[in-house]
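# Breakdown of the fold
Given next are the chains, with one letter for each unit.
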Amino acid sequence: MTFSDFHPLVTAAWYLSVLILTTAAGHPVLSAGAILFTGLYSLPLTGAKEKKDDLFFYPLLFLLVAVTNPLFSHKGRTPLFFLNDNPVTLEAILYGASFALTLIAVLLICKCMTKDSSAERFTALIGRFLPKTATVLSVALRYVPLLKRRAGEIREAQRGIGLVSGESLTDRVVLTAKNYSSLIGWSMVSAAESARSMRARNYGVTKRTSLDPFRFTARDAGMLILIALCLAVTVTGGITGALRFDFYPALAVKTGAITAVSLAGGLLLAALPMLTEGWGWMKWRILRSKI
Amino acid sequence: MKKDLIVLLALILLAVVLISGIDVKSVDEYYLLHAEDVKPGDPTVTVRVDASAAVKAGGKPVEALLSLGDLPPDGVLLPDTALVLREGDSAYGLFLRAARIHKLTVEHEGNEKSLSGVYVKGINGLSEFSCGSSSGWIFTVNGKAPETSPSAYYPADGDVIEWRFETDLNGFFN
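A quick note: this is a predicted structure, and the numbers were derived from the prediction, not measured.

## Details of the pattern of salt bridges
Evaluation of the coordinates by the stated rule reveals 16 salt bridges over all chains. One salt bridge connects Asp246 of chain A with Arg244 of chain A, and the closest N-O pair in it is separated by 2.7 Å. Judged by its relative accessible area of 28%, Asp246 of chain A falls in the partly exposed class. Among the salt bridges present, the one from Glu107 of chain B reaches Lys121 of chain B, with a minimum N-O distance of 3.8 Å. Note that Glu107 of chain B is positioned in strand β4 (residues 106-110) and Lys121 of chain B in strand β5 (residues 118-123), a separation of 14 residues in sequence. Each member of the pair, Glu107 of chain B as well as Lys121 of chain B, is classed as buried. Sharing partners across several salt bridges, the network here consists of Arg48, Asp80, Glu162, Arg164 and Glu166 of chain B.

## Regarding the packing of helix α1 (residues 8-25) of chain A against helix α4 (residues 90-116) of chain A
Two quantities define a packed helix pair, namely the angle between the axes and the distance from one axis to the other. Residue and element names in this part refer to chain A. It is at 10 Å that the axes of α1 and α4 come closest, and there the two elements cross at 170 degrees. In terms of axis orientation, α1 runs roughly antiparallel to α4. Side by side, α1 and α4 meet where Tyr15, Val18, Leu19, Thr22 and Thr23 of the first sit next to Thr102, Ala105, Val106, Ile109, Cys110, Cys112, Met113 and Asp116 of the second.

## Here we look at the environment of Lys144 of chain B
As for its placement among the helices and strands, Lys144 of chain B is situated in the loop between β7 (136-141) and β8 (160-166). Between the C-alpha atoms of Lys144 of chain B and Glu162 of chain B, which are 18 residues apart in sequence, the distance is 9.4 Å.

## Considerations on the confidence of the model for chain B
For chain B, the average pLDDT comes to 91, and 100% of its residues sit at 70 or higher. Across the interfaces of the predicted complex, the ipTM metric reaches 0.88, alongside a pTM of 0.86.

## Considering the interface of chain A and chain B
On the chain B side, the residues contacting the 20 residues of chain A number 23 residues. Interface of chain A and chain B: buried area, both sides summed, is about 1,900 Å²; carbon and sulfur atoms make up 52% of it. Connecting chain A to chain B are two salt bridges. In this structure, Asp70 of chain B engages Arg77 of chain A in a salt bridge whose closest nitrogen and oxygen atoms are separated by 2.7 Å. For the side of chain A that touches chain B, the secondary structure elements donating two or more residues are β1 (79-83), β2 (86-89) and α7 (169-200) of chain A. Within the side of chain A that touches chain B, the residues separate by chemical class into nine nonpolar, five polar and six charged. Across three bridges, β1 of chain A lies against strand β1 (residues 24-26) of chain B in antiparallel orientation. In the sheet register, Leu83 of chain A faces β1 of chain B, and the bridge partner there is Val24 of chain B.

## With respect to the side chain of Glu91 of chain A
Residue and element names in this part refer to chain A. The topology assignment puts Glu91 in helix α4. Looking at Glu91, its side chain comes within polar contact range of the main-chain nitrogen of Arg77, at 3.3 Å. What Glu91 contacts, discounting residues up to four positions off in sequence, is Gly76, Arg77, Thr78, Phe247, Tyr248, Pro249, Ala250 and Leu251.

## Considerations on the nonpolar core
Side chains that are nonpolar tend, in soluble globular proteins, to be buried together. Ranked by size, the top nonpolar core spans 36 residues in total, and within it Phe95, Ile123, Leu126, Trp137 and Trp163 of chain B carry the most contacts. Going through the elements one at a time, β2 (44-50), α4 (60-68), β3 (76-84), α5 (91-101), β5, β7 and β8 of chain B are the ones with two or more residues in this core. A total of eight residues in this core trace back to one element, the largest contributor, which is α5 of chain B. Those residues in contact with Ile123 of chain B that sit more than four places away from it in its chain are Val49, Leu77, Phe95, Leu104, Thr105, Trp137 and Trp163 of chain B. Core analysis: the next-biggest nonpolar cluster, separate from the first, contains 26 residues, Tyr58, Ile227, Ala270 and Leu272 of chain A among them.

## As for the sheet that holds β4 of chain B
Residues and elements named next belong to chain B. The sheet built from three strands is open, its strands ordered β4-β5-β6 with antiparallel pairing. With partners counted over all chains shown, the strands left at the sheet margins are β4 and β6 (126-127), one partner each. Pairing between β5 and β6: two bridges, direction antiparallel. The residue of β6 that forms the bridge with Ile123 is Leu126.

## Observations concerning empty space enclosed by the protein
By the definition in use, this model includes two cavities of 30 Å³ or more. Looking at the largest cavity, its volume works out to about 80 Å³. Lining the largest cavity, in full, are His74, Lys75, Gly76 and Pro87 of chain A together with Thr105, Val106, Glu107, Gly122, Ile123, Asn124, Gly125 and Ser127 of chain B. Of all the secondary-structure elements, those providing two or more residues to the lining of the largest cavity are β4 and β5 of chain B. Grouping the amino acids of the lining of the largest cavity by side-chain chemistry returns three nonpolar, seven polar and two charged. Empty space within the second largest cavity amounts to approximately 40 Å³. What lines the second largest cavity is Val18, Leu21, Thr22, Leu30, Ala34, Gly266 and Ala270 of chain A.

About the thresholds
- Residues numbered from 1 in each chain as written.
- Chains lettered and ligands numbered in written order.
- Predicted model: local features only at pLDDT ≥ 70, side-chain atom pairs only at ≥ 80, totals over all residues.
- Heavy atoms only, no water.
- Salt bridge = Lys/Arg side-chain N within 4 Å of Asp/Glu carboxyl O.
- Buried < 20%, exposed > 50% of the residue type's maximum accessible area, 1.4 Å probe, protein only.
- Helix = DSSP H or I, 4+ residues; strand = E, 2+ residues; numbered from the N terminus.
- Axes fitted to C-alpha atoms, helices over the stretch in contact; angles between N-to-C directions.
- Parallel < 35°, antiparallel > 145°, perpendicular 65-115°, else oblique.
- Contact = heavy atoms within 4.5 Å.
- pLDDT = per-residue confidence, 0-100.
- Buried area = accessible area lost by both parts, 1.4 Å probe.
- Nonpolar A, V, L, I, M, F, W, Y, C, P; charged D, E, K, R; others polar.
- Pairing = 2+ DSSP bridges.
- Polar contact = N/O pair within 3.5 Å; in protein donor to acceptor, adjacent residues only side chain to side chain.
- Core = buried A, V, L, I, M, F, W, Y, C linked by side-chain atoms within 4.5 Å.
- 1 Å grid on protein atoms, 1.4 Å probe; cavity = no way out; pocket = protein on both sides within 12 Å on 5 of 7 lines; lining within 4 Å.
- Points joined across faces, edges and corners; volume = space filled by probe spheres on them.

And the structure:
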């Protein structure tokens, strides 16, 4: 049992609600929770090299955003030191850190979305109402891995004919820029070619039928209700102001029972895919024959 | 390899130029401890910072500052303060000196040495746009707003320099 076994409607509802909640609330606890839970959920979905890259990339991004914000925003009432006579404040650093958490949470959620959602799920979800949008979306989703593969091919070809000496860093940077231009050229030509080819084969002339391999079961309904409940609890807390987390001019954090309940709702929402995955893993461990 | 060295040299040069333009002061260094001794006969300039218009207009950012005590209830951040006018003092330089003595933070954009000069965005947390999109700080000398940047204006003996928060700068200049 994995999260992508649910009906596309359920997964889409989860992704939408957790994305909107994380960005709209901007609460560091919710963002940190989303990072933790989606990070754990994405572990089995990512390869070893990607994991290593992520471990380098996300902390770097965090530092960059957390350091950059106080350089440009001088709001806040606790100056730590003065840079060219402008105050560098504690509040601005904390806001930068909180914003970086939100940013990383959104990136991780989107990463999980591209990993566990196939084009099939997109078309099953919106193909009936917006067939053109569904096609464009599935083509766009395919583009990132396609471009990566093509960039690799160009690099290999150039290495093959001896263009890359591998000595000078400057040369390599210049060559990468050149590769980029040939990659764009190649992709444009192939896009035009496939459009022509599709037209030549009468694509889109008659009305198409669609296959919907997904069934909405009682389990899907249960998960959807759980998502709605979590969302309702947190949104109610947010509307009543229990999730207020102000950085400027001074740090002002709301605490109390209502805040705790709405935070718990948001964290449970963020943890749902990880819990599903964990439940499936536990079942596999327990039911596996020990012979 | 030679190309790499040239690029590396250029990068180091750029970094040195950037770092040489950075001036870091600790909080204690920034806030000058001693008020100036004004001897009779010294040329002086009076500096004052007034945000009473912001207090009158109210609004969320202003109320937050009032409740924290960063903005006094009458809005006068710095009452009339006499400073000794030294050779080469600009209006901005004098204002910054007064702010450092009286523990006000100044948020500014630009550089005293640059052609476009300095623009003061905020004083003690009260920043531009706090009371609507055309509110902000304006500096006046003897009640009139000069048509230069404060870092390019050199006051004379006996001038009164005032930093005033205006809620409608469009109306102020038209």
